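# Examining the three-dimensional arrangement
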Amino acid sequence: MLIIGIAGGTGCGKTTVVNQIIEELPDKEVSVISQDSYYNDLSHLSFEERGKINFDHPKAIDFKLLGEHLTQLRAGKSIQQPVYSFASHNRTGQTVHTPPSKVMIVEGILILTHPEIREMFDIKIFVHADSDERLIRRLKRDINERGRDIDEVLYRYQTTLKPMHDQFIEPTKEHADIIIPNNKYNTVAVDIVRTIIIEKLL
Ligand SMILES: Nc1ncnc2c1ncn2[C@@H]1O[C@H](COP(=O)(O)OP(=O)(O)O)[C@@H](O)[C@H]1O
Ligand SMILES: O=c1ccn([C@@H]2O[C@H](COP(=O)(O)O)[C@@H](O)[C@H]2O)c(=O)[nH]1
């Protein structure tokens, strides 16, 4: 099994890059795990209380469960990946059956901050886009797809997102084996990563 970790600040294009990489690859051979699925279970809190959580701090992530799941997958066992709802800031209670595959891609803003999780990746990738570009993309995406308004996105950006990015996320770039510049769509980098994966699948 080859486990690839793909990190980078919000809006840098991680999900887009992952989708581009797997587009032409056989479904059964490559699976994706999103760090978003491993936000802590916040069912004990009200919607208002959940909305005040700092979702950009490493403590917001259930790294224990993510580590257990990666260990199970490596041992050839399937996992039940939780499904997360950005609209309700919580796990939905549903899960996605995720079997082990030859290549597992794990993507998320904070996945390279945790030493033991980092150790589990055979290849570590950091996707880079400038912060103004990321903010523009985040505004558009969160308003169109995640049920947010402009005030919510800008408030979160100023209070937690930017400080947490500078403190925790940007420094993990130094752990990366590959840095993908993604201010513009980067088909060359996507092709290179796909080639590495195809070699593993042969
Ligand atoms: N290279 C790019 N150029 C322009 N827009 C992009 C690029 N990559 C991603 N996007 C757009 O930016 C938004 C955020 O991308 P996404 O892949 O969800 O980022 P992330 O998963 O890193 O938060 C999406 O609406 C996506 O379509
Ligand atoms: O309930 C939530 C949980 C997380 N967020 C924000 O999501 C991003 C991480 O996701 P990306 O897809 O990498 O952008 C993170 O910056 C959190 O602030 C949220 O808004 N609500």
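Once a new chain begins, its residue numbering starts again from 1 and follows that chain's sequence as written. Here the convention is simple: chains get letters from A, ligands get numbers from 1, in the order in which they are written. Local features in this predicted model are restricted to residues of pLDDT 70 or higher, and side-chain atom pairs are both shown and tallied only at a pLDDT of 80 or more, whereas totals for entire chains, interfaces and linings draw on every residue.

What follows covers the site of ligand 1. Neighbouring ligand 1 are 14 residues, the closest being Gly13, Lys14, Thr15, Thr16 and Arg137. Secondary structure elements follow DSSP: runs of H or I no shorter than four residues count as helices, runs of E no shorter than two count as strands, and numbering proceeds from the N terminus. For the shell around ligand 1, the secondary structure elements donating two or more residues are helix 1 (14-22) and helix 5 (131-145). Residues are sorted three ways: Asp, Glu, Lys and Arg are charged, Ala, Val, Leu, Ile, Met, Phe, Trp, Tyr, Cys and Pro are nonpolar, and all the rest, Gly among them, are polar. Looking at the shell around ligand 1 residue by residue, the class counts come to two nonpolar, seven polar and five charged. Only the C-beta atom matters for nearness: placed from the backbone, it must lie within 6 Å of the molecule or strand for the residue to count as near.

Here, UniProt's "domain: Phosphoribulokinase/uridine kinase" (unreviewed entry) annotation points to residues 3-188. With 37% helix and 22% strand, the stretch residues 3-188 has end C-alpha atoms that lie 21 Å from each other. UniProt positions are given in the numbering used here, feature names are shortened, and annotations may be inferred rather than shown by experiment.

Before going further, it helps to examine the confidence of the model for the protein chain. The share of residues in the protein chain with pLDDT of 70 or more is 100%, and the mean pLDDT across the chain is 96. Among the prediction metrics, the complex's ipTM stands at 0.98, with pTM recorded as 0.97. On a range of 0 to 100, pLDDT expresses the predictor's confidence in each residue.

The angle between two axes is taken between their N-to-C directions and runs from 0 to 180 degrees, where each axis is a line fitted to C-alpha atoms and a helix contributes only its stretch in contact. Between helix 5 and helix 6 (residues 150-169), whose axes approach to 9 Å, the crossing angle comes to 140 degrees. Taken together, the axes of helix 5 and helix 6 lie oblique to each other. Helix 5 and helix 6 meet at a crossing whose hand is right-handed. Between helix 5 and helix 6, the residues in contact are Leu135, Arg138, Leu139, Asp142 and Ile143 and Ile150, Val153 and Tyr157, respectively. When grouped by side-chain class, the residues that make up the contact of helix 5 with helix 6 number six nonpolar, no polar and two charged. Any angle that falls under 35 degrees is termed roughly parallel, while one over 145 is termed roughly antiparallel, one within 65 to 115 roughly perpendicular, and all others oblique. Two helices cross in a left-handed way if the nearer one is turned anticlockwise from the farther one by less than a right angle. They cross in a right-handed way if the turn is clockwise. What counts as a contact here is a pair of residues whose C-beta atoms, placed from the backbone, lie within 7 Å.

Residues Ile6, Ile105, Ile125 and Val127 are the most contacted members of the largest nonpolar core, which totals 39 residues. For this core, the secondary structure elements donating two or more residues are strand 1 (2-7), helix 1, strand 2 (30-34), helix 3 (63-74), strand 5 (103-107), strand 6 (123-128) and helix 6. Apart from residues no more than four positions distant in its own chain, Ile105 is found in contact with Ile4, Ile6, Val18, Val30 and Val32. Think of a nonpolar core as buried Ala, Val, Leu, Ile, Met, Phe, Trp, Tyr and Cys residues chained together by C-beta atoms that fall within 7 Å. Whether a residue is buried, exposed or partly exposed follows from its count of other C-beta atoms within 10 Å of its own C-beta, namely 20 or more, 12 or fewer, or something in between, respectively; the C-beta atoms are built from the backbone.

Moving on to the site of ligand 2. Ligand 2 sits among 13 residues. The nearest are Thr10, Phe55, Asp56, His89 and Ile109. Listing elements by their share of the shell around ligand 2, those giving two or more residues are helix 1 and helix 6. Among the residues making up the shell around ligand 2, the classes are represented as five nonpolar, four polar and four charged.

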